[in-house]
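Structure assessment
Single-letter residue listing:
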Amino acid sequence: MERLKKRFSLLSAIIDALIEPPETVGYPFTKLELPETYRGAIVIDPEKCTGCGLCVRDCPAQGLELVKKSRHEFKLIHYPARCAYCGQCSISCRRKAISHSNQLVGSTSNPEALVVVLKEKEDEEQG
Amino acid sequence: MQNRISIPIGPQHPLLKEPLSMMIDISGEKVLGGSMRLGYVHRGIERLAEQRNYIQNVLLIERVCGICSHVHTTTYCYAVEALLGIEIPPRAQYIRALMCELERIHSHLLWLGILAKHVGLETIFMHAWHDRESSLDIMEAISGGRVSHAANQIGGVSFNLDKAQAEMIRSTISNLRTQVEGLLNVIETEPALHARTQGVAPVSAEMIRQYCVVGPIARASGVDIDLRRDDPLPPYDQLEFKVITHADGDAWARTLVRAQETRESLNLCDTIMRDMPDGEVLVRAPRKVPPGEAIIRSEAPRGEVFYYLRSDGSENPARVKIRTPTLSALSMIPAQLAAIQVADIPVVLAGIDLCVACADR
Amino acid sequence: MTKFNLQSMIDKIEDATGTPGEVYDGINNDETIYIEPDQLVDVINILRDHFDCIHLTAITAQQREDQHDTIEVMYHFWKGRGITLLMKLPTSTPQLTSIIDFLPGADFYEREVAEMFGIHYTGREETPPLLLPDDWQNGPPFIGREENDAE
């Protein structure tokens, strides 16, 4: 009776394995379903960013850089290859300007994609 | 008398997940002893931590180990919070404990797959790693990353759980429990696994104490230590769970301890989700830490993790000392190798559950 | 075996070696006793014989920024609660007695502290490098920090 039960349990395992769909997806031919909270590419809301530099100070991977030309002119640069996608910049930002989308960051053969200017603010007063 | 030859294992070898160099002396089929060299993954994290501020260090410390990353950052954050004199909200404590238990589940299922693969039962390996994906899916859905969670901040955690996520966690844990019970049933009744692990490399409780070994290896030899019960970080002082020990000390006891701990961790996850209080999850912490020294210990999947932190009043720590559990388990390997057969070497290595990145830092 | 009691520990150290240890309360969570380096083996024997405390968690060494002529070494034990032994060694000749004869688990800890801080252990054969590569030529990485950081 025990041997019969054991053989029966093996049969149910075999049927399960035949019926279940595969666990893997055929990326990149199939679209990848990522959860909303997935920490993907960095995006910025330019209206909210004031160039304070808190995100730069707390980034552990030196993935952000703030270039200040004068008191009102600055450029915030992001390096996707150095970034660790940890989310520390979005937590340190007091104005919730910088955050993650859930887009997967793919590899690229274009070297210019490795330097992304997130916000550039020119001086509005002339003369 | 057959000739005595030395076989090198490592630094790169199919048996090892991480680089480790061993030289094993054998004579025929009997192993006579061995020696070992660490340091292939040494990154100097203790030294690097002195050159970064406390917030950057949370993410540096996470990269000490890939499998037990959350427990390292949890211990470090509790140490910094002890120096700052702040207490984090209760909901954050529960979320930290939830991630710790999920990490224990994923680590033990990973270990189960490795042991089964080394013994030759590859189907158990496939099933265990398939079930492990469920726990990684939970961690990805709530924190944003499968392995690098970045869950901890100084002052709390970086995410909150809403009702939909809580429901998803409960249902996934319930499915995972069914799968894990099936795996436990197979382990406890599979004769091939018994034959390969029973009586292999027994370790006495006295040897455990002399080599200062911690974690499931110690509990498998009857030494009853578990820092979740003996020196609990909040909220473990309010949670009920069983500490699993076995007395034999051989590879079979080590297998049973880890497998049954997975079941206890699943129960703990349910308890944590049931008792989680409401509230906020992050309090703002000052950037400069007042001078002082703190020591915090916690229980990683492999044993005791110890952090000593000293601050000198600036934004960077003055000294971070990390002690990881695998370091003492590695020092016991030459003694364990002294009386086994060559075919038992993978079983002994798998029973220790090596995490060389932890040991090297 | 009695439960660990700080005052009784200090009394026993005085009985065994003549000088009592001092209580140091700078570290939260651990009972810390400041002892002389040559009292180390006696104190560890007292911990083992009277309090059944033999679990050595770690050996920490550090150099404070304002005291470059001293290396502090701490031995962290655990028995129900943390017990730490604190010693100060001169940077020019840091020397300690090895305890691997009766506590083999201390081998890796001693080797790491020896290579990182240049501490010399008597009573054992040489301390081969544990984490640093075999051809490391730059001396103990934690000593002479300011020059190293500037690079």
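Please refer to the structure higher up on the page.
Below is a summary of the structure that appears in this document. (Residues numbered from 1 in each chain as written. Chains lettered and ligands numbered in written order. Predicted model: local features only at pLDDT ≥ 70, side-chain atom pairs only at ≥ 80, totals over all residues. Heavy atoms only, no water.)

**Comments concerning the packing of aromatic side chains**
In this structure the tally under the stated criterion is three aromatic pairs over all chains. A cation sits over an aromatic face here: Lys117 of chain B above Phe125 of chain B, 5.8 Å from the ring centre. (Phe/Tyr/Trp six-rings, centres within 6.5 Å; stacked < 30°, edge-to-face > 60°. Lys NZ or Arg CZ within 6 Å of the ring centre and 35° of its normal.)

**Structural notes on the nonpolar core**
Soluble globular proteins: nonpolar side chains tend toward being buried together. Residues Leu56, Val73, Tyr75 and Leu85 of chain C are the most contacted members of the largest nonpolar core, which totals 160 residues. Per-element accounting of this core gives the leading share, 17 residues, to helix H4 (residues 90-119) of chain B. Leaving out residues up to four positions away in the same chain, Leu56 of chain C has contacts with Cys212 of chain B together with Tyr75, His76, Phe77, Ile99, Leu103, Ala106 and Tyr109 of chain C. (Core = buried A, V, L, I, M, F, W, Y, C linked by side-chain atoms within 4.5 Å. Buried < 20%, exposed > 50% of the residue type's maximum accessible area, 1.4 Å probe, protein only. Helix = DSSP H or I, 4+ residues; strand = E, 2+ residues; numbered from the N terminus. Contact = heavy atoms within 4.5 Å.)

**Comments concerning the interface of chain C and chain B**
Each partner contributes to the interface: chain C provides 46 residues, whereas chain B provides 39 residues. Carbon and sulfur atoms supply 51% of the area buried between chain C and chain B, which totals about 3500 Å² over both sides. On the chain C side of the interface with chain B, the three residues burying the most area are Trp78, Phe108 and Leu131 of chain C, jointly 18% of the side's total. Taken together, chain C and chain B are joined by seven salt bridges. The closest approach of N and O atoms between Glu112 of chain C and Arg361 of chain B, which form a salt bridge, is 3.0 Å. Inspection of the chain C/chain B interface yields 19 residue pairs in polar contact (both at pLDDT 80 or more). Looking at the side of chain C that touches chain B, the element that brings in the most residues is strand E4 (residues 55-62) of chain C, giving eight residues. In terms of residue class, the side of chain C that touches chain B is made up of 24 nonpolar, 14 polar and eight charged. Bridge analysis of strand E6 (residues 292-300) of chain B against strand E2 (residues 27-28) of chain C gives two bridges, and the strand direction is parallel. (Buried area = accessible area lost by both parts, 1.4 Å probe. Salt bridge = Lys/Arg side-chain N within 4 Å of Asp/Glu carboxyl O. Polar contact = N/O pair within 3.5 Å; in protein donor to acceptor, adjacent residues only side chain to side chain. Nonpolar A, V, L, I, M, F, W, Y, C, P; charged D, E, K, R; others polar. Pairing = 2+ DSSP bridges.)

**Section: the environment of Leu98 of chain B**
Residues and elements named next belong to chain B. Here Leu98 lies in helix H4. Its relative accessible area of 0% is what places Leu98 among the buried residues. Excluding residues within four positions of it along the chain, Leu98 makes contact with Ile142, Leu161, Ile169, Cys269, Ile272 and Met273.

**A few points about the interface of chain A and chain B**
Each partner contributes residues to the interface: chain A has 15 residues there, and chain B has 23 residues. Together chain A and chain B conceal approximately 1500 Å² of surface at their shared face, both sides included; 44% is due to carbon and sulfur atoms. Among the residues chain A hides against chain B, the three largest losses belong to Arg39, Arg57 and Ile91 of chain A. Together they make up 33% of the total. There are one salt bridge connecting chain A and chain B. Close ionic contact of Arg287 of chain B with Asp58 of chain A constitutes a salt bridge, the shortest N to O distance being 2.9 Å.

**Considerations on the arrangement of the chains**
When the two pairs of chains in contact are ranked by number of contacts, first place goes to chains B and C. For the non-touching pair chain A and chain C, the nearest C-alpha separation works out to 18 Å.

**Quick look at the pattern of salt bridges**
Considering all chains together, one arrives at 42 salt bridges over all chains under this definition. For the salt bridge of Lys88 of chain C with Glu72 of chain C, the shortest nitrogen-to-oxygen distance reads 3.5 Å. Of this pair, Lys88 of chain C sits in strand E6 (residues 81-90) while Glu72 of chain C sits in strand E5 (residues 70-79); the two residues are 16 residues apart in sequence, bridging distant segments of the chain. One salt-bridge network, in which partners are shared between bridges, spans Glu101, Arg104, Arg219, Asp226, Arg228, Glu261 and Glu299 of chain B.

**A word on the layout of surface pockets**
Considered as a void within the structure, the second largest pocket measures approximately 770 Å³ in volume. Forming the boundary of the second largest pocket are 27 residues, of which Glu33 of chain A together with Glu133, Asp137, Glu140 and Arg146 of chain B lie nearest the centre. The class makeup of the residues in the lining of the second largest pocket is 11 nonpolar, eight polar and eight charged. (1 Å grid on protein atoms, 1.4 Å probe; cavity = no way out; pocket = protein on both sides within 12 Å on 5 of 7 lines; lining within 4 Å. Points joined across faces, edges and corners; volume = space filled by probe spheres on them.)

**Some words on a positive patch on the surface**
Together, Arg57, Arg94, Arg95 and Lys96 of chain A together with Arg284 of chain B line one region of the surface with positive charge. On the secondary structure map, Arg95 of chain A appears in the loop between helix H3 (88-92) and strand E4 (98-100). Take Arg95 of chain A: its relative accessible area is 40%, and that puts it in the partly exposed class. (Patch = residues over 30% accessible without salt bridge, like charges linked within 9 Å, V, L, I, M, F, W, Y side chains within 5 Å. Areas by Shrake-Rupley, 256 points an atom, 1.4 Å probe, with all protein chains shown as cover. Lys, Arg positive; Asp, Glu negative; His and termini not counted. Charge placed at Lys NZ, Arg CZ, Asp CG, Glu CD.)

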